[in-house]
Structures are given as structure tokens and as C-alpha cells.
Amino acid sequence: MKKLYILLILVLAVVIIIYANSKVQVSEQKVTSTAPAFLSQDEAVKPGVTLTMEGETYTLEQKDLNPQTNLNFDNDDLKFAIYTNEGRVSVNFNLTKTGILGKGPVSYSIPEANQESVKVDLNFFNQERESSRMNKRIIFRKGEIQIEKLTKNQLVFTFKGEGSGMTERGDLFPIEGSINMTF
């Protein structure tokens, strides 16, 4: 009986965290900027996001991106929500206390980079994925993230590894892609 209570408390805690996280993401979207109007014609048609997972490739052009950012460079807390108005897939990328600023290109191995606390978080939301709502959120669980450029106006990185739905810990599938975003 005691084990059942502990399980119920854990399930309730996960639901509360997920609910709170969705509220934070909504509020972040309200206070941030969108793609700049100063893109050249060539830059505007370049893919801003290329993502391959579960046998499908998603391409989001730079001109269609609505990047929402919450960047606190002073506290080393950077949050990116990347999506398009018509897109089926969105990308969330968070860097917390990584010390990346001013370092130039840097690589992170996941999950090793997050051993003590979550410093590098990459996840995706696929609204057309056939699964429960929680598992439409896909977590990048294992692999390499190579950040090539990070400035106040640009983020360029690639990633290759494995992930799964939020509660699907055992069934990993390949995920790879690149982000080249101006905001």
C-alpha cells in the first residue's frame, strides 16, 4: 500500500511539472522577439531548422520562423522556442549555467553534460505524432550537440543522437538536425 502512495505522489509531481512547464513556455512567448526583417533574400529561404526523427524530415525556412527567446546573458540562462505558424514541429533549446558565452564553438554530450543538473536541454513537440499528449513532447536523451555560434542575434548548432517521447524511456529512435536561426 505504501508503494502505491509513493507511485501516486510521483505521478502527481510529474503532471504538475509538465503543467508548470507549459505555462512557463507560454509566458516566454509573450515577451520576446520574432525573426528580423533585415534578412537577405538568400538568408530568408535557407532552412532555419532541419530535423529528422521517426523516419520524417522537417524543414522550417528562416523566413517562416517565429523564434521566441528569453535570453539572460548576465545570468547565463538562455531559452529558445523555435516554431512556425503553420508548422507541425517546434523546437525548444535551453542552456542554463553552461559557461558557453565567449567560448566560441563548443560540444555537449548528452546525458553526461547534465549529470549534476540539467544544463543543456533540447526537446521537440510534434503535434501530429500518434501518441498521448505527453509523448508528443520528444526529449533528446542521448547524443552530441555542437554549438557553432551563439550571439545576441544568432544561434547555429547541430545535433545527432537519440530520443523518445517524454515518458517513453526505453524506445529510443534516431534524431538529427541543425538550427541556423537569426533573431
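What this report covers is the structure whose coordinates are included nearby. (Residues numbered from 1 in each chain as written. Predicted model: local features only at pLDDT ≥ 70, side-chain atom pairs only at ≥ 80, totals over all residues. Heavy atoms only, no water.)

Before going further, it helps to spend a moment on the overall build of the protein chain. The number of helices and strands found in the protein chain is two helices and 10 strands. Order of helices (α) and strands (β) in the protein chain, N terminus to C terminus: α-α-β-β-β-β-β-β-β-β-β-β. The 183 residues of the protein chain split such that 40% are buried. Intrachain contacts of the protein chain at a sequence separation of at least 6 include 54% that bridge at least 24 residues. For the protein chain, the computed accessible surface area is about 10700 Å², with 53% contributed by carbon and sulfur atoms. (Helix = DSSP H or I, 4+ residues; strand = E, 2+ residues; numbered from the N terminus. Buried < 20%, exposed > 50% of the residue type's maximum accessible area, 1.4 Å probe, protein only. Contact = heavy atoms within 4.5 Å. Areas by Shrake-Rupley, 256 points an atom, 1.4 Å probe, with all protein chains shown as cover.)

Our next topic: the pairing of strand E10 (residues 173-182). Across five bridges, strand E1 (residues 47-53) lies against E10 in antiparallel orientation. When the bridges of E10 are listed, Thr52 appears paired with Glu176. When strand E9 (residues 154-165) meets E10, the two strands line up antiparallel, connected through 10 bridges. Its bridge partner being in E10, Phe159 is matched across the sheet by Gly177. (Pairing = 2+ DSSP bridges.)

A few words on the nonpolar core. In terms of nonpolar packing, the biggest core is built from 33 residues, with Phe93, Phe124, Ile145, Ile147 and Phe159 touching the most fellow members. Here the element with the most residues in this core is strand E8 (residues 137-150); it accounts for five residues. With residues up to four places along the chain from it excluded, the contact list for Phe93 reads Leu78, Lys79, Phe80, Val120, Asp121, Leu122, Ile145, Ile147, Leu155 and Phe157. (Core = buried A, V, L, I, M, F, W, Y, C linked by side-chain atoms within 4.5 Å.)

A word on the packing of aromatic side chains. Evaluated as defined, the whole model comprises six aromatic pairs. Note on Phe140 and Phe159: the rings are 6.1 Å apart at their centroids and 80° apart in plane angle, and the pair reads as edge-to-face. Taken together, the residues Phe140 in strand E8 and Phe159 in strand E9 connect sequence positions 19 residues apart. Assigned by exposure class, Phe140 and Phe159 land together as buried. Considering the side-chain rings of Phe157 and Phe159, the 5.8 Å spacing of their centres and the 40° angle between planes classify their relative orientation as tilted. (Phe/Tyr/Trp six-rings, centres within 6.5 Å; stacked < 30°, edge-to-face > 60°.)

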